[in-house]
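Chain residues, written in single-letter form:
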Amino acid sequence: MSPRSPLARRRLLIGGLGGLAALAAGPAALRAMARTRGLRTATRAGLAFGTTVSLTLVHAEAAAIEAGFRAGFAAIRAVEAAGSLYRPDSALARLNRDGLLAEPDPLLAEMLGFALDLAAASGGAFDPTVQPLWTLWAAAAARGERPGAAALADTLGRVGWRAVARSEAEIRLRPGSALTLNGLLQGYAADRVMGALGACGIAHAFVDTGEFGARGAHADGAPWRLGLAGPRRGDPLAGVIAPFTGFAATSGDDATAFSADRRDHHIFDPATGTSPPALSAVTVTAPSGLLADALSTAAFVLGEAAGAALVARYPGCAARFTPKVA
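Residues numbered from 1 in each chain as written. Predicted model: local features only at pLDDT ≥ 70, side-chain atom pairs only at ≥ 80, totals over all residues. Heavy atoms only, no water.

The name an unreviewed UniProt entry assigns to the chain is FAD:protein FMN transferase, from the organism Methylobacterium hispanicum. On record in UniProt, under Sequence similarities (unreviewed entry), the comment for the chain is "Belongs to the ApbE family." As stated in UniProt under Catalytic activity (unreviewed entry), the record for the chain gives "L-threonyl-[protein] + FAD = FMN-L-threonyl-[protein] + AMP + H(+)". (UniProt positions renumbered as here; feature names shortened; annotations may be inferred.)

Put into structure tokens, the structure is as follows:
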């Protein structure tokens, strides 16, 4: 729920244009099958949210695919402009700087409303006001230290979702507070991209905004497949979701670590100001990217039993938990 290092949150992997299944058939076979069905496949990548993003689109008409790319990347830029902490001019960055934002961006208002609702539903496990903890831990890690008890207690005094005041006219923060929506931002972006693609008539797509969404199928009719990376770099795949439609997101302790043993990392328990110790990763599949992303963060903080119970309250959602590994 705080800024992550670029390219760090690549915990869910797809197998290129054709996916894991199509790779077995080979690129030439994929192109032949696409021609047989009269469909084209194209992938375009870019940078957003401090990482790489990509869209893979399938359609009979090249013009429709190009329109889909334009609309999809415009949707990503709009979400960045609303809620990215990597952009100093975003609406969220301006809110954190000034403590007040009049006439808030509608996308920011929607994300924050969902974040505060989930904060209530999760008993505060998901809390968008933990940004001061990121600042504290990042500064301490840069010195090769952990935060002292007094500094941690002082920072925790500025964390608390109930203190966010919002209306249609403005959002107001208490002094010293700051928000992060990184616990749901990329999943929300996947939703917005899928909506934009649908408006362009794209019925088959795989979206990677740092979290993942898929609809339809490959050009050859084969289903999309999603590989789940192991908890540590170089580990074999932990599993494959096949067929994959809908959305998936992972929260893990390897994204931004403040200690070599990953005891301390970018996911904070708002009650303690430290990282939850029980898990290395949580993957959630859901009907929306917003739900998948936010629930994976909340479930990581809650731990497996309480996290699974929370996820089960949302229809169509499921969670996979990876216990803490060295």
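Asks: I'd like a description of helix H3 (residues 62-83), backed by residues and values.
Replies: In this model, H3 (22 residues) spans 32 Å end to end at C-alpha, consistent with the 32 Å of a helix rising 1.5 Å per residue. Here H3 has its buried residues at Ala64, Ile65, Gly68, Phe69, Gly72, Phe73, Ala75, Ile76, Val79, Glu80, Ala82 and Gly83. The elements touched by buried residues of H3 are strand E2 (40-48), strand E3 (51-59), helix H4 (91-98), helix H5 (106-121) and helix H8 (185-199). (Helix = DSSP H or I, 4+ residues; strand = E, 2+ residues; numbered from the N terminus. Expected span 1.5 Å × (residues − 1). Buried < 20%, exposed > 50% of the residue type's maximum accessible area, 1.4 Å probe, protein only. Contact = heavy atoms within 4.5 Å.)

Asks: An account of the packing of H3 against H8 is requested, with residue identities and associated values reported.
Replies: Look at H3 against H8: their axes get within 8 Å of each other, and the N-to-C directions meet at 145°. Crossing hand, H3 versus H8: right-handed. Contacts between H3 and H8 involve Gly68, Ala71, Gly72, Ala75, Ile76, Val79 and Gly83 from the first element and Leu185, Tyr188, Ala189, Arg192, Val193, Ala196 and Leu197 from the second. Along the lines of polarity and charge, the residues of the contact of H3 with H8 split into 10 nonpolar, 3 polar and 1 charged. (Axes fitted to C-alpha atoms, helices over the stretch in contact; angles between N-to-C directions. Left-handed = near helix turned anticlockwise from the far one by under 90°. Nonpolar A, V, L, I, M, F, W, Y, C, P; charged D, E, K, R; others polar.)

Asks: Please set out the sheet that holds E2 residue by residue, giving values where relevant.
Replies: Taking strand neighbours across the sheet as the criterion, the 7 strands line up as E2-E3-E7-E8-E11-E12-E13 in an open arrangement whose pairing is antiparallel. In the strand order of this sheet, the two ends are held by E2 and strand E13 (318-323), each with one partner. Going across the sheet, the axis of each strand differs from the next one's by a mean of 10°, ignoring polarity. Pairing analysis gives 6 bridges linking strand E11 (residues 246-252) to strand E12 (residues 279-286), with the strands arranged antiparallel. Within the sheet, the bridge partner assigned to threonine 250 lies in E12 and is threonine 283. (Pairing = 2+ DSSP bridges.)

Asks: Which residues make up the packing of aromatic side chains, and what values do they have?
Replies: Inspection of every chain in the model, using the stated rule, returns 6 aromatic pairs. Ring geometry for phenylalanine 206 and phenylalanine 212: centres 5.9 Å apart, planes at 65°, overall edge-to-face. Each member of the pair, phenylalanine 206 together with phenylalanine 212, is buried. Ring geometry for phenylalanine 258 and phenylalanine 268: centres 6.3 Å apart, planes at 10°, overall stacked. With phenylalanine 258 in the loop between E11 and E12 and phenylalanine 268 in the loop between E11 and E12, the pair connects residues that are 10 residues apart, well separated along the chain. Owing to a relative accessible area of 15%, phenylalanine 258 belongs among the buried residues under this scheme. Look at phenylalanine 268 and you get buried, because its relative accessible area is 2%. Taken together, the aromatic side chains of Trp134, Trp137, Phe258 and Phe268 make up a single cluster linked through ring pairs. (Phe/Tyr/Trp six-rings, centres within 6.5 Å; stacked < 30°, edge-to-face > 60°.)

Asks: How would you explain the pairing of E2 if you had to name every residue and give the values?
Replies: Every regular strand shows the same layout, with side chains that alternate between the two sheet faces. Bridging between E2 and E3 involves 9 bridges; their strand directions are antiparallel. Residue leucine 47 lies in a different strand from E3, and its bridge partner there is threonine 52. Where E2 folds back on E3, the antiparallel hairpin that results is connected by 2 residues, among which phenylalanine 49 adopts a positive phi of roughly 60°.

Asks: Describe the confidence of the model for the chain, naming the residues involved and giving the relevant values.
Replies: Mean pLDDT over the chain stands at 89; residues scoring 70 or higher make up 89%. Below a pLDDT of 50 lies the segment residues 1-36, which in the model reaches 97 contacts outside its immediate sequence neighbourhood of four places, other chains included. (pLDDT = per-residue confidence, 0-100.)

Asks: Tell me about the sheet that holds strand E6 (residues 170-172), residues and numbers included.
Replies: Within the open sheet, the 3 strands sit side by side as E4-E6-E5. Their pairing is antiparallel. The sheet is open, and its two edges are formed by strand E4 (100-102) and strand E5 (165-166), each paired on a single side. Sheet topology places E5 next to E6; 2 bridges connect them, and they run antiparallel. Looking at E6, one finds that alanine 165 is bridged to arginine 172.

Asks: With reference to specific residues and values, describe the pairing of E11.
Replies: The buried count for E11 comes to 7 of 7 residues, which makes it a mostly enclosed element. The side-chain alternation of E11 yields two buried faces, one formed by Gly246, Ala248, Thr250 and Gly252 and the other by Phe247, Ala249 and Ser251. In this sheet, E11 lies alongside strand E8 (residues 212-215) in antiparallel orientation, the contact comprising 3 bridges. Of the residues in E11, the one forming a bridge with alanine 214 is glycine 246.

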